[in-house]
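# Summary of structural features
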Amino acid sequence: MPFGPPPSAPGHPGGVVSPSWQTPLTGVLIPGQEPPKKSKAPFVIIGVLVLAAAAVVGAVLVLGGRDSGGGGINAKGAKAGAQTVIDNATFDDTGTAVVSRCPLGNLRDLDKAVERVLKVDSVVDEGTDSLTVHNEGDFPAFIACQRNADKATDVAKGPTGLYYQAVLDPPLDYKGYITDFAGSSTDVKIDEPVKYKGGDVYLFCGKANDDKGYTGCDADWVDTKNKIALNVFLAGNDPSKEDAFAALKAVLGDLADNLAAKADTSTTS
């Protein structure tokens, strides 16, 4: 869930989703008529084979061709990767570890994916990165990779920062987690979760009450079965929940796959 922290400090985001849409697989019509005095068996066999092939194609389209266990997102691999990253991190006395590379993927590649669905000011592209892992004790451990414009006031329109996160073992009461994490420094309004690609998506926007608060909108994809959450937070006053959802959709599969690549295969099956 976590919120993305203000540019002055590293931290994390959250969010909700609109429904996913699937096109139902219809029957297959085989043209032509049965020749006289010939068995119907060839037509029946062809019909079964065509329907079977169409079903496979439909499954690939719906699942996105990924090994997921639900919805086409490699949540199991992402959970294993997050666990490896957190286990290998060296934390300071605040529970923060700075890493040299983002475990969720190359920030420039992730930002480009978002920029295909949202207008992002070039000032953000030229901004400052923060790559951290957190294990603070009071909340679940999480990974946060973010890029902020050096001066938010220089951003003409759109988000002033792009934040990507993974939360290990997110609480079942995810709305309560968002509220607790926001605390008194941030006012949040959280939508009811919506099913999307095997998980629940939480969409919300936050408004800072002080310099410790967060302003922006968030989309959090939560897989309770595999115990992982993948989030995108758009900082600033301009973004909407719909923008956050669009950004999440643009990078969700990549976040999971990139994190899964970090898994310690000697301890995972």
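In the block above lies the structure referred to throughout.
For clarity, every value in this text was computed on a predicted model and none was experimentally measured. (Residues numbered from 1 in each chain as written. Predicted model: local features only at pLDDT ≥ 70, side-chain atom pairs only at ≥ 80, totals over all residues. Heavy atoms only, no water.)

### Concerning the state of the cysteines
Two cysteines, two sulfur atoms, one covalent bond between them: this is a disulfide. What counts is decided by this rule: Criterion for a disulfide: a pair of cysteine sulfur atoms at a distance within 2.5 Å. Helix and strand definitions follow DSSP, with helices as H or I runs of at least four residues and strands as E runs of at least two, each counted in order from the N terminus.
Under the criterion given, the structure shown has two disulfides. Bridging C102 to C145, the disulfide has an S-S length of 2.1 Å. Classification of the bridge connecting C102 and C145 rests on its S-S torsion, roughly 100°, and on that basis the disulfide is right-handed. Residue C102 is located in the loop between β1 (96-98) and α3 (107-115), and its partner C145 is located in strand β3 (residues 142-148); the two are separated by 43 residues in the primary sequence.

### Structural notes on the pairing of strand β2 (residues 128-134)
Look at any regular strand and the pattern is simple: side chains alternate between the two faces of the sheet. Heads up, the rule is: Burial classes: relative accessible area under 20% of the type maximum marks a residue as buried, over 50% as exposed, and values in between as partly exposed (1.4 Å probe, protein chains only). We call two strands paired when DSSP finds no fewer than two bridges between them.
The element β2 is extensively covered by neighbouring structure, given that five of its seven residues are classed as buried. With three bridges connecting them, β1 and β2 associate as antiparallel partners. Each bridged residue has a counterpart across the sheet, and for A97 the counterpart in β2 is V133. Strand direction decides the pairing type here: β2 and β3, joined by seven bridges, are antiparallel. Paired with D129 across the two strands is R147, which belongs to β3.

### Side note on the packing of aromatic side chains
Using the following cut-off: The rule is short: rings of Phe, Tyr and Trp, with Trp giving its six-membered ring, pair when the centres are within 6.5 Å, and they are stacked under 30 degrees, edge-to-face over 60, tilted in between.
Applying the stated criterion across every chain, the model contains eight aromatic pairs. Taken together, a centroid distance of 6.2 Å and an interplanar angle of 85° make the contact between F142 and F181 edge-to-face. With F142 in strand β3 and F181 in helix α5 (residues 174-182), this residue pair connects regions lying 39 residues apart in the sequence. Among the residues examined, F142 registers a relative accessible area of 2% and is labelled buried. Look at F181 and you get buried, because its relative accessible area is 15%. Judged by centre distance (5.3 Å) and plane angle (65°), the rings of Y174 and Y177 are edge-to-face. Placement of both Y174 and Y177 in helix α5 is noted, with a separation of three residues, approximately one turn of the helix. Among the residues examined, Y177 registers a relative accessible area of 4% and is labelled buried. Joined through ring pairs, the aromatic side chains of F139, F142, Y174, Y177, F181 and Y202 make up one cluster.

Structural measurements only, silent on function.
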